[in-house]
Amino acid sequence: MSINTTVFMSSIIRKINASLAGWRLIGTPFLFGFLLLVAPLFLMIALSFWTQDYLDLDRTPSLNNYRDIFSHPVYVMLIKRSVIISLIVTVTTVLLAFPMAYYISFYGGRYKAIWLFLITIPFWTSYLLRIFLWKIILGYNGVVNSGLQSLNLIEEPLSFILYNANAVVIALAHAWAPFAILPIFVALERIDRSMLEAAKDLGDTAIRSFIRVTLPLAMPGIVSAALIVFIPTIGDYVTPKLVGGKDGLMVANMIQVQFSKANNAPLGAALAITSLLTVLLISLGFLFFNRRYLRKQSS
Amino acid sequence: MKKPPLLLFSFVIIYLVFLYAPVMLLPIFAFNDSSIIAFPLSGFTADWFVGLLSENTLHRALKNSLIIAITAAVISTCFGILTARAMARHNFLGKRPSFGLIMAPLFLPEIIIGVALLIVLIQLGISLNIWTVILGHILICTPFSVSILYSAFNNMDKSIEEASLDLGETRFGTFRRVIFPLVKPGVIASLLICFTISLDEFVIAFFLTGVEPTLPVYIWAQLRFPSKLPSIMALGFILLLLSLILLAIFEYYRRRSETLIGKQPS
């Protein structure tokens, strides 16, 4: 054997050994994730192609469930509504979170850590109760209505703020606030302040340097904030159920019904897959347009 | 420090009021002497807290939730240690995909995880109980544990370990006597965060619990009965205080962790 092959062999053996050392550690959590996440997701895909035949499960593959979803207006409407609500929640949450993150990053001074702490405290209340408390705030004799009435601003309690999509948007924009503030804050922290000074010295106005320097550099944070909020909210079950009323129900509520009362797990699985694919598609589209925006900014 | 523009500062104050609005109501109604949750308030009482002592279903739910949260926290943190260590110190085939798989639950809607697990359990004919909830909670807690522990393992000075090995300590001995003490604050922080997440998690527990309720599942059931609401407010207030205490301990250990590995605490 020539020296070269020996070196080559020993480097391969070293690589295999290193791989084994890594896998000895990560193997167990990987296997757990594989068995309890990947395998179940594949089974869910399989199930979505089967049919519930009263009490029995018909395992001949068919597209019946998907045909059902796209031919019944109620399913299409629920998915559409979930997407629209999630998009509105995402835009609202990010728009509200940005100035907050900007304030902490640029004016927080020595108290940045305390500010961040201050923002996370309200979110250590039980999620269920936080959403439920919005019902008390927005309700017929709730905080908002009794407050406005005692100020003589309105005569009749406002009814458009509870049990509809507006209430869902308010409650979700609240629930996901810290998840949007933190990534934007991190991105703003990374901005080299001397670049802003350079823009100012070169004659850019405050607004122009914000649009041309701060915003593009903060974009990675804004993108992750948007995705962190958008992806889970589309599958939110609690909020629409508690404050959404009849017109604010979302697709997760229908998925739950299919798995319990309606006893049609395959249709539920197909609904879950359809919403998951919708989320994926929108997120990818969003990332694509963001990349184009950033390229345009840098050119 | 520069002074912020007035507009920005007013926005920040209003936004903080919005963020704190629901939590502020919790103590108000927990101590309000009326069975109806509405304004105007009628008087001060601690009866709702006393009433919690005689709720047997609540005690069972609390016991279940504690068993689930402690087990899930311990196992997720073990998984977190294994994953963080592998990611920080080893280069191996399939490193990125296996890491992606372990972190994936962070980016999936909880209902998808709950439903997917439910399907498997039904198909395998496994009956639902607190162990099925534990499995689900380990899945969603592990990514949090990994993100806390990764920086602890990654920022640790490699030469300390090497010194220990060179001086004749075994691999296990090095882990026990050198590495573990250095990452211990991170481990405690991870245990606390996983415990809190599991204790508060509703959707997965709702899908995977059988006849044994967890605390959030119990609260969910009580929300339907208007007469139960004040005691739920009292319960919520206790839970908030508990989480804040855990959070304070977590913050303490996170800072310790950063000091131990030689980073300026942030």
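Cut-off values and rules
- Residues numbered from 1 in each chain as written.
- Chains lettered and ligands numbered in written order.
- Predicted model: local features only at pLDDT ≥ 70, side-chain atom pairs only at ≥ 80, totals over all residues.
- Heavy atoms only, no water.
- Helix = DSSP H or I, 4+ residues; strand = E, 2+ residues; numbered from the N terminus.
- Rg over C-alpha atoms; globule rule 2.2 N^0.38 Å.
- Buried < 20%, exposed > 50% of the residue type's maximum accessible area, 1.4 Å probe, protein only.
- Contact = heavy atoms within 4.5 Å.
- Lys, Arg positive; Asp, Glu negative; His and termini not counted.
- Charge placed at Lys NZ, Arg CZ, Asp CG, Glu CD.
- Patch = residues over 30% accessible without salt bridge, like charges linked within 9 Å, V, L, I, M, F, W, Y side chains within 5 Å.
- Areas by Shrake-Rupley, 256 points an atom, 1.4 Å probe, with all protein chains shown as cover.
- Salt bridge = Lys/Arg side-chain N within 4 Å of Asp/Glu carboxyl O.
- pLDDT = per-residue confidence, 0-100.
- Buried area = accessible area lost by both parts, 1.4 Å probe.
- Polar contact = N/O pair within 3.5 Å; in protein donor to acceptor, adjacent residues only side chain to side chain.
- Nonpolar A, V, L, I, M, F, W, Y, C, P; charged D, E, K, R; others polar.
- Disulfide = S-S within 2.5 Å.

**Brief notes about the overall build of chain A**
Along the backbone of chain A there are 13 helices and two strands. Rg of the C-alpha trace for chain A: 25 Å, well past the compact-globule value of 19 Å for 299 residues, more than 25% over. On the principal axes, the C-alpha backbone points of chain A span a range of 95 × 75 × 35 Å. For chain A, with 299 residues in total, the buried portion stands at 49%. Across chain A, contacts joining residues at least 24 apart in sequence account for 68% of those joining residues at least 6 apart.

**Describing the overall build of chain B**
Broken down by element type, chain B carries 11 helices and zero strands. Secondary structure elements in chain B, listed N-terminal to C-terminal, are α-α-α-α-α-α-α-α-α-α-α. Once the C-alpha set of chain B is aligned to its principal axes, its extents read approximately 70 × 65 × 35 Å. Here chain B, with 266 residues, has 51% of them falling under the buried criterion. Within chain B, counting contacts between residues at least 6 apart in sequence, those at least 24 apart form 71% of the total. Taken together, the 19 basic and 14 acidic charged side chains of chain B have centroids lying 6 Å from each other.

**Section: a positive patch on the surface**
A surface patch of like charges, here positive, comprises Arg-291, Arg-292, Arg-295 and Lys-296 of chain A. With respect to the helices, strands and loops of the structure, Arg-291 of chain A is situated in helix H13 (residues 265–298).

**Observations regarding the confidence of the model for chain A**
Here chain A shows a mean pLDDT of 88. Residues at 70 or above account for 99%. Mean pLDDT values over the elements of chain A span from 78, in strand E2 (residues 56–58) of chain A, up to 95, in helix H3 (residues 73–107) of chain A.

**Focus: the interface of chain B and chain A**
Size of an interface, as often reported, equals the accessible area lost when the parts are brought together. Each partner contributes residues to the interface: chain B has 75 residues there, and chain A has 76 residues. In total, chain B and chain A occlude about 6900 Å² of area from one another, counting both sides; carbon and sulfur atoms represent 85% of this. The tally of links from chain B across to chain A stands at zero salt bridges. Here chain B and chain A share six residue pairs in polar contact (both at pLDDT 80 or more) between them. For the side of chain B that touches chain A, the element with the highest residue contribution is helix H1 (residues 6–30) of chain B, accounting for 15 residues. Residue composition of the side of chain B that touches chain A, grouped by class: 61 nonpolar, nine polar and five charged.

**Notes on the side chain of Asn-253 of chain A**
Inspection of the secondary structure assignment puts Asn-253 of chain A in helix H12 (residues 251–259). When sequence neighbours within four positions are dropped, the list of residues in contact with Asn-253 of chain A reads Tyr-237, Pro-240 and Lys-241 of chain A.

**Observations regarding the state of the cysteines**
Residue and element names in this part refer to chain B. This structure, assessed with the given rule, holds zero disulfides over all chains. Looking at the unpaired Cys-78, the closest cysteine sulfur is the one in Cys-194, lying at 10 Å. Overall, Cys-78 belongs to the partly exposed group, its relative accessible area being 41%. Looking at the unpaired Cys-141, the closest cysteine sulfur is the one in Cys-194, lying at 4.6 Å. Using a relative accessible area of 0% as the deciding quantity, one classes Cys-141 as buried.

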